[in-house]
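Summary of structural features
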Amino acid sequence: MTKSFKEIFAWQRAHSFVISVYQVTKDYPQYERFSLCSQFQRAAVSIAANIAEGYRKDGIADKLRFLNTAQGSLEECRYYILLSYDLNYIDLETYNNMNVSLEETSKLLNAYYRGIKEKNVQ
């Protein structure tokens, strides 16, 4: 049993992804600061924040709802990576690295979700 949301591998990977989003978006055009940058950062933070918030929920349904919200935010980020590439804000290497990071996060989040749903574990 974990003592903190920080011990959850899915949260650790999500947090790392958030940091990378902030690092990448600082180089976006200034006029994107309150649009794409803000949306991308908020969606990335939402992944980790919803894992953390769901961790403390008592009911399985509540936990799963927060994790499902995290999954939705993850998919939103998947689009923002593509959009950033299509707008030439990131190069191919950054695009690929961000997709790999997001996919790793997705796999861990899905496994955590399934574990709670199937085994009733925290």
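Structural data are supplied above this passage.
Here's what I pulled together on the structure shown here. (Residues numbered from 1 in each chain as written. Predicted model: local features only at pLDDT ≥ 70, side-chain atom pairs only at ≥ 80, totals over all residues. Heavy atoms only, no water.)

**As for the overall build of the protein chain**
The cut-off we apply is this: Secondary structure elements are defined from DSSP: runs of H or I of at least 4 residues count as helices, runs of E of at least 2 residues count as strands, and each element is numbered from the N terminus. We compute the radius of gyration over the C-alpha atoms and compare it with the globule rule, which gives 2.2 Å times the number of residues raised to the power 0.38. Throughout, a residue-residue contact means that at least one pair of heavy atoms, one from each residue, lies within 4.5 Å. The protein chains shown are the only cover counted for residues, whose accessible areas, like all others here, come from Shrake-Rupley with a 1.4 Å probe.
Scanning the protein chain for helices and strands turns up four helices and zero strands. Helices and strands in the protein chain line up, N terminus first, as α-α-α-α. For a compact globule of 122 residues, the expected C-alpha radius of gyration is about 14 Å, and the protein chain comes in at 15 Å, within 12% of that figure. The principal-axis extents of the C-alpha atoms in the protein chain amount to approximately 45 × 25 × 20 Å. In the protein chain, once contacts between residues fewer than 6 apart in sequence are set aside, the share between residues at least 24 apart is 71%. For the protein chain, the accessible surface area stands at approximately 7,100 Å², while carbon and sulfur atoms represent 52% of it.

**Observations regarding the packing of helix H1 (residues 9–25) against helix H4 (residues 92–119)**
Note the cut-off: Only C-alpha atoms enter the line fits that serve as axes; for helices the fit covers just the stretch in contact. Angles between N-to-C directions range over 0 to 180 degrees. For classification purposes, angles smaller than 35 degrees are called roughly parallel, those larger than 145 roughly antiparallel, those between 65 and 115 roughly perpendicular, and all remaining angles oblique. The hand of a helix crossing depends on one turn: near helix anticlockwise from the far one by less than a right angle means left-handed, and clockwise means right-handed. Any residue outside Ala, Val, Leu, Ile, Met, Phe, Trp, Tyr, Cys, Pro, Asp, Glu, Lys and Arg is labelled polar, Gly included; the first ten of those are nonpolar and the last four are charged.
Across the interface, H1 lies against H4 with an axial gap of 8 Å and an inter-helix angle of 155 degrees. The orientation of H1 with respect to H4, classified from their angle, is roughly antiparallel. You can see that H1 and H4 cross each other, and the crossing is left-handed. Of the residues in H4, those in contact with Phe9, Ala10, Arg13, Ala14, Phe17, Ser20, Val21 and Val24 of H1 are Thr94, Met98, Ser101, Leu102, Glu104, Thr105, Leu108, Leu109 and Tyr112. For the contact of H1 with H4, the class distribution of residues is 11 nonpolar, four polar and two charged.

**Thoughts on the environment of Tyr95**
Assignment of secondary structure puts Tyr95 in helix H4. Taking the C-alpha atoms as reference points, Tyr95 and Ser84, 11 residues apart in sequence, are found 8.2 Å from one another. Beyond its immediate stretch of four places on either side in the chain, Tyr95 contacts Ile81, Leu82, Tyr85 and Ile90.

**So, the nonpolar core**
Looking at soluble globular proteins, one finds that nonpolar side chains tend to be buried together. To keep things clear, this is the line we draw: Nonpolar cores are built from buried Ala, Val, Leu, Ile, Met, Phe, Trp, Tyr and Cys residues. Side-chain atoms within 4.5 Å join them into one set. Exposure classes here rest on a 1.4 Å probe applied to the protein chains alone. A residue is buried below 20% of its type maximum, exposed above 50%, and partly exposed in between.
Grouped together as the largest cluster of nonpolar side chains are 34 residues, with contacts concentrated most on Phe17, Phe40, Ile47 and Ile51. When near neighbours in sequence (up to four residues on either side) are disregarded, Phe40 contacts Phe17, Val21, Thr25, Tyr28, Cys77, Tyr80, Ile81, Ser84 and Met98.

**Here's the deal with unusual backbone geometry**
A positive phi angle, close to 65 degrees, is found at Asn88, a residue other than glycine. Taking the relative accessible area as the measure of exposure, Asn88 reaches 66% and is therefore exposed.

**Looking at the packing of aromatic side chains**
The line we're drawing: In this scheme Phe, Tyr and Trp rings, the latter by its six-membered ring, pair at centre separations within 6.5 Å, and the angle between planes marks the pair as stacked below 30 degrees, edge-to-face above 60, and tilted otherwise. Here, a charge over a ring means that NZ of Lys or CZ of Arg falls within 6 Å of the ring centre while also lying within 35 degrees of the ring normal.
With the rule as written, the count across this model stands at five aromatic pairs. On the basis of an interplanar angle of 50 degrees and a centroid distance of 5.9 Å, the ring pair of Tyr79 and Tyr80 is categorised as tilted. By relative accessible area, Tyr79 is classed as partly exposed at 45%. An angle of 35 degrees between the planes, with centres 4.7 Å apart, marks the rings of Tyr85 and Tyr95 as tilted. In this pair, Tyr85 sits in helix H3 (residues 60–86) while Tyr95 sits in helix H4, placing the two residues 10 residues apart along the sequence. Here Tyr85 falls in the partly exposed class, since its relative accessible area comes to 30%. Taken together, the ring pairs connect Phe40, Tyr79 and Tyr80 into an aromatic cluster. The residue whose ring lies beneath Lys63 is Tyr55, and the NZ or CZ to ring-centre distance is 5.9 Å.

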